[in-house]
Structure formats: C-alpha cells, structure tokens
Amino acid sequence: MTRGSRIFVSPPSMLGLKPYFRYWKWFNRDERLSYRYTPAMISRLPKHYLDSLDPKTPSPVHYKTEQGKWKINPKTGERQKVQNIPLPFYPIREYDTGLWGGEGLIEGFRRKDNNKMKPKVKHMWRPRLIERQLYSEILDKTITTTVTARTLNLIDDAYGFDHYILKTPQEDLNSQLGMDLKRAMLIKLVRKDTDLYPNDPEKREMIYNKYKDYVIPEEEAEWVGLRLKMAIFKMQHEEYKPPVPLMEKYRRQLIADLKDRSKREKLSQEPAVFMPGAGGPQQLETKEEEGSWSSWLKPSKPKEAESPQKTGNR
C-alpha cells in the first residue's frame, strides 16, 4: 500500500515467512524502502505467480453497477455513456491486519453540517469495525481479528470461514492476513498426511473431503498471496547455492578414492596403495623380498654385515 511517496513494508514475521528471510534484519528502513526490482529478477518468478499480479477489478461494494453501454438522463433526456468506475480506497496499513470484506476508507466531499447553502468540505467515510473470533477447521485455530458486518454476512453466505477465505479472490479480500490464511490452508490440504490432523485419521478424511475442491499443487500453494518483495526473497533463497571450499572438495575426493581402493583390494588380493598426485589408487609390483604391501612406508633396512668367510679370505 502506498500513500503518496510513503511505502508500507510488512516484516516477514508478520506474514508468517520468517524462516525464509533470515537476512531481513540486515536492511535498515531506508534500504528497505529504496529496494528496487529489475526486470531480470521479476522474469525468474513462476508464471502462476506473475499471473496473480495482474490488476483486477474488485466486486462493487460502495457503488452500484449499471448494465449496458448507454443510458438516458431522467432530467434532461440526453443520452449518456455508462461509466462503472470503482471508488478508490484511502490506503492505510490496517487493511492487511484485518478482514474488512472489501470495504475501506473513502475520501470525498460533502456539504458542511449537511446544509446546502454551505460550501463543500473534505470528508472521510469509515466502515464500522468490530473484533470477532473466527474458527478455522483446516488450521484448527481460533483467530481474533477486526472485521466488518459485511464480512460476517459473507462468511454466512459461504457456509463457513474456511470456505469464505478459500473461494474469495485476492482483489476482494484486500487483506494480507486473508492471503496468508489462504496460503496456510492450501498448504495444509496438500500436506494432509503430515499436517492435517495427524492424530485423528477420521477427522482428517472428513475435513479433506469437505475442502478438496480447493486443492492445488504444492508448488503453487507456497506462492499464494506473497508480496512482490517476499516472492523475490523466496526465489533468491531457493536459488542460492553455498560455495564449497576446496578443502571440503578434496576431502570428499580423498574419501571416494579410499573407498575405491578398498573395493579393489577385495576383488584382487594384491594390495592397492593410494599414491598422492598419481590420479588415484595405483597397483604396486609385489616382490617376494618386499614382504608386506606397507613395507614401502617403513624406513629402509640397514646393510647386512659382511660374512665371516669373506673376512677370512682376505
């Protein structure tokens, strides 16, 4: 949400994505607000996520739509073009922390003191907010949040809180909390064997059969409702491959060579010795006087003393 030049950024802990963004604390406020995305970064995002970023017109809430392309003015009788222009909401951060059912703050003008003879002044229309506890069957949790009377009516029309969250599109929810709940519900349904009521198989099957029409692949469920900045951080986290030090690389190569040497010793009884710098284990030529295969590791034997017969001949 933006208000003029101000940008509202939600921390990862608020969005339930703290494990993915361990480096978030390295950025101060100015760096977070000045962070920019290049086309190359955005092009690497999944296609299904890029499709969700396309702007869509929400369902009308504060105005009534008119059918057709033309209408007749009842006062003048003139032919006028029908224009269904949605009313823009005044951007505030509280949209993302509650479920307002598509309602919002509307800024406009009205007559002062409702007197037609007085000039117009700025006015802000606000919905009536109430705090309620909503239970989710899929998450098995009770959520306390701010809602409106329209939100409660929509939940009743959808026959349940989970149905309302799962079937309502992103542009109608207009809430980061609602999209986070939708992502958590979809992931639970995909991972039903491990996350959905692991200690109660009967209830797991009942809940899954009730909401199985909303199941999507896990690769898509993990990206539902992410902001652009959070999606780029997630993509960079998945693409990151830590560099392998040379010491670790050579250590693994040495272990592989030693295992290969032991296999060769089992196949052929002649011992194989690992020669550093020779490109792997090498087979030594065995001689009767060498004895053990490890004799080359021992220091050389001293020369034998001359026999007494040779000394007597002299």
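Scoring rules and cut-offs
- Residues numbered from 1 in each chain as written.
- Predicted model: local features only at pLDDT ≥ 70, side-chain atom pairs only at ≥ 80, totals over all residues.
- Heavy atoms only, no water.
- Core = buried A, V, L, I, M, F, W, Y, C linked by side-chain atoms within 4.5 Å.
- Buried < 20%, exposed > 50% of the residue type's maximum accessible area, 1.4 Å probe, protein only.
- Helix = DSSP H or I, 4+ residues; strand = E, 2+ residues; numbered from the N terminus.
- Phe/Tyr/Trp six-rings, centres within 6.5 Å; stacked < 30°, edge-to-face > 60°.
- Lys NZ or Arg CZ within 6 Å of the ring centre and 35° of its normal.
- Contact = heavy atoms within 4.5 Å.
- pLDDT = per-residue confidence, 0-100.
- Salt bridge = Lys/Arg side-chain N within 4 Å of Asp/Glu carboxyl O.

Student: Now, about the nonpolar core: what can you tell me, with residues and values included?
Tutor: Grouped together as the largest cluster of nonpolar side chains are 27 residues, with contacts concentrated most on Ile138, Phe161, Ile165, Leu181, Met185 and Leu196. Those elements that place two or more of their residues in this core are strand S7 (129-136), strand S8 (141-148), helix H6 (161-167), helix H8 (176-190) and helix H9 (201-211). Looking at this core element by element, the count peaks at six residues for H8. Ranked by size, the runner-up nonpolar core spans nine residues in total, among them Met41, Met230, Ala231 and Ile232.

Student: Got a sec to walk through the environment of glutamine 83? Specific residues and values, please.
Tutor: For glutamine 83, the location among the structural elements is in the loop between strand S4 (79-81) and strand S5 (106-111). A C-alpha to C-alpha distance of 10.0 Å links glutamine 83 and lysine 71, two positions twelve residues apart in sequence.

Student: I'd like a description of unusual backbone geometry, backed by residues and values.
Tutor: Glycine aside, residues mostly have negative phi, and peptide bonds are mostly found in the trans state. The residue aspartate 140 is not glycine, and still its phi comes out positive at about 55 degrees. Relative to the helices and strands, aspartate 140 is located in the loop between S7 and S8. Although it is not a glycine, tyrosine 197 adopts a positive phi angle of roughly 45 degrees. Among the secondary structure elements, tyrosine 197 is positioned in the loop between H8 and H9. Tyrosine 197 sits in the buried class, given a relative accessible area of 12%.

Student: So what's going on with the packing of aromatic side chains? Residues and values would help.
Tutor: Counted by the stated rule, this structure contains three aromatic pairs. Pairing tyrosine 95 with tryptophan 100 gives two aromatic rings, centres 5.1 Å apart and planes at 90 degrees, and the pair type is edge-to-face. The buried category is assigned to tyrosine 95, whose relative accessible area is 2%. Within the aromatic cluster, the residues linked to one another by ring pairs are Phe89, Tyr95 and Trp100. Looking at lysine 192, its charged tip hangs above the ring of tyrosine 208, at a distance of 4.1 Å from the centre.

Student: Provide a residue-level description of the environment of arginine 150, including the pertinent values.
Tutor: Structurally, the position occupied by arginine 150 is in helix H5 (residues 149-157). Note on arginine 150: relative accessible area 28%, which makes it partly exposed. It is 5.9 Å that separates the C-alpha atoms of arginine 150 and glycine 101, two residues lying 49 residues apart in sequence. Each residue touching arginine 150, except ones within four places of it in the same chain, is listed here: Pro60, Val61, Gly101, Gly102 and Glu103.

Student: Before we move on, could you go through the confidence of the model for the protein and cite the residues and values that matter?
Tutor: Here the protein shows a mean pLDDT of 79. Residues at 70 or above account for 74%. Averaged pLDDT values over the elements of the protein bottom out at 34 in strand S2 (residues 6-7) and peak at 96 in H6. The low-confidence segment residues 1-32 (pLDDT under 50) makes 56 contacts with residues lying over four places distant or belonging to another chain. Predicted confidence is poor over residues 283-294, with pLDDT under 50, and the contacts of this stretch with residues over four places away or in other chains come to eleven contacts.

Student: Before we move on, can you summarise the pattern of salt bridges with the specific residues and values?
Tutor: Tallied over the full model, the rule gives 16 salt bridges. Here arginine 191 makes a salt bridge to glutamate 218, at a shortest N to O gap of 2.7 Å. One end of the pair, arginine 191, is in the loop between H8 and H9; the other, glutamate 218, is in helix H10 (residues 218-221), with 27 residues separating them in the sequence. Through salt bridges that share partners, Arg191, Glu218, Glu222, Lys234 and Glu238 make up one connected network.

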